[in-house]
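The residues making up each chain are set out below.
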Amino acid sequence: MNATGKFAGFTVGLVVIFGAALALGSVAGPDVAEPAAHIAEDDGHGTASHDTASHDAVADATPGGLTPTADGYTLELASDQVTAGPAVPLQFRITDPTGVPVTDYTVEHEKLLHLIVVRRDLAGFQHVHPTLDATGTWSVPLDVGRGGDYRVFADFTPAGDEALTLGTDLRVAGTYDPQELPAATPTATVDGYTVALDGMLRPGETSNVTLSVSRDGQPVTDLQPYLGAYGHLVALRTTDLGYLHVHPDGHPGDGVTAAGPGIDFAVTAPSAGDYRLFLDFQHAGAVHTAEFTVTAAPEEK
Ligand SMILES: [Cu+2]
């Protein structure tokens, strides 16, 4: 099926659904803007329980994002093939167990949905926040300057349901220059910052990992909250791009958590092998992403 045909199907279906809802007089205007009340909850007392929940979630042996359908929800791209470019429009929707596009989401970390995109060789990582329209279609420009197969992860919580991460492939036509997985190193540099990783990943166990940020040899102690935390960590298993989204222990304003240089995470690697870690942090008004390769291996006895 070509892209246009698929998207036309979307639209017709939506008109029918909206028509039916209007006839019943029951349509509540889809809330496109992010509700301020939910943001306040996420910044406040709600965060502690959320962090506990996310740690429980990663303790599950199966990473997220391996399938486009889970718990009845499905991630559908309007088109699964695009041409390489610096701002390629991507459109998608999440359908619920009855096949209807989801328009109502619970804010997590200040956003209704987090979209992670990375090429299958783990190059070209991006973490973006698409906009939702009234029909349940999400839109965002992607920076896919090189060709290849990309994995698209939607990390979200449908209103009244559990958080989940769905994943699907996006084929990008263009020159493909596959990269070797960078070797495992304890430090990464990005935009003039050095990030040092302290800790080991152990398969099937929860490990404490500290990522410490410095610039020009000086520890950075004025990290800025980004999406309600001092750091966001995505770990992808290199064999299949199994997805772990890990939040730090503690949060800004809890009276305990320092604004750097160290950011502490509890990470549960579901199996032995290589992982690529992507740390988003904010300093001096800009967001940076540090990348590491880490090997999870059992402790030598
Ligand atoms: Cu996000």
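Preceding this paragraph is the structure being described.
Residues numbered from 1 in each chain as written. Predicted model: local features only at pLDDT ≥ 70, side-chain atom pairs only at ≥ 80, totals over all residues. Heavy atoms only, no water.

### Section: the pattern of salt bridges
We count it as follows: Salt bridges are counted wherever a side-chain nitrogen of Lys or Arg sits within 4 Å of a carboxyl oxygen of Asp or Glu. Each residue gets one of three labels from its accessible area relative to the maximum for its type: buried under 20%, exposed over 50%, partly exposed in between, using a 1.4 Å probe on protein chains only. Secondary structure elements follow DSSP: runs of H or I of four or more residues count as helices, runs of E of two or more count as strands, with numbering from the N terminus.
Applying the stated criterion across every chain yields a total of nine salt bridges. For the salt bridge of arginine 119 with aspartate 121, the shortest nitrogen-to-oxygen distance reads 2.8 Å. Across the pair, exposure class does not vary: arginine 119 and aspartate 121 are buried alike. Residue arginine 120 is joined to aspartate 169 by a salt bridge in which the shortest nitrogen-to-oxygen separation is 3.2 Å. Highlighted residues: arginine 120 in the loop between strand S5 (113-119) and strand S6 (126-128) and aspartate 169 in strand S10 (residues 164-173), separated in sequence by 49 residues. Take arginine 120: its relative accessible area is 32%, and that puts it in the partly exposed class. Aspartate 169 gets classed as partly exposed once you look at its relative accessible area, which sits at 23%. Overlapping salt bridges, with partners in common, bring together Arg119, Asp121, Arg146 and Asp177 in one network.

### What to know about the sheet that holds strand S16 (residues 243-246)
Test applied: Any two strands are treated as partners once DSSP identifies two or more bridges connecting them. Every angle, taken between N-to-C directions, lies between 0 and 180 degrees, and every axis is a line fitted to C-alpha atoms, over only the stretch in contact when it is a helix.
Here we have four strands laid out as an open sheet, ordered S16-S15-S18-S19, and antiparallel in their pairing. Pairing within the sheet leaves two strands with one partner each, and these edge strands are S16 and strand S19 (286-296). Going from strand to strand, the sheet's axes swing by 20° on average, the running direction of each strand aside.

### Let's talk about the pairing of strand S13 (residues 206-215)
Across six bridges, strand S12 (residues 193-198) lies against S13 in antiparallel orientation. Counterpart to alanine 196 in the pairing with S13 is serine 212. The pairing of S13 with strand S17 (residues 262-268) spans seven bridges and is antiparallel. Across the sheet, residue serine 207 finds its bridge partner in S17, namely valine 267. With two bridges joining them, S13 and strand S14 (residues 218-219) adopt antiparallel strand pairing. Bridge pairing in S14 links serine 214 to proline 219. Between S13 and S14, which pair antiparallel one after the other, the connecting turn spans two residues, and aspartate 216 there sits at a positive phi close to 55°.

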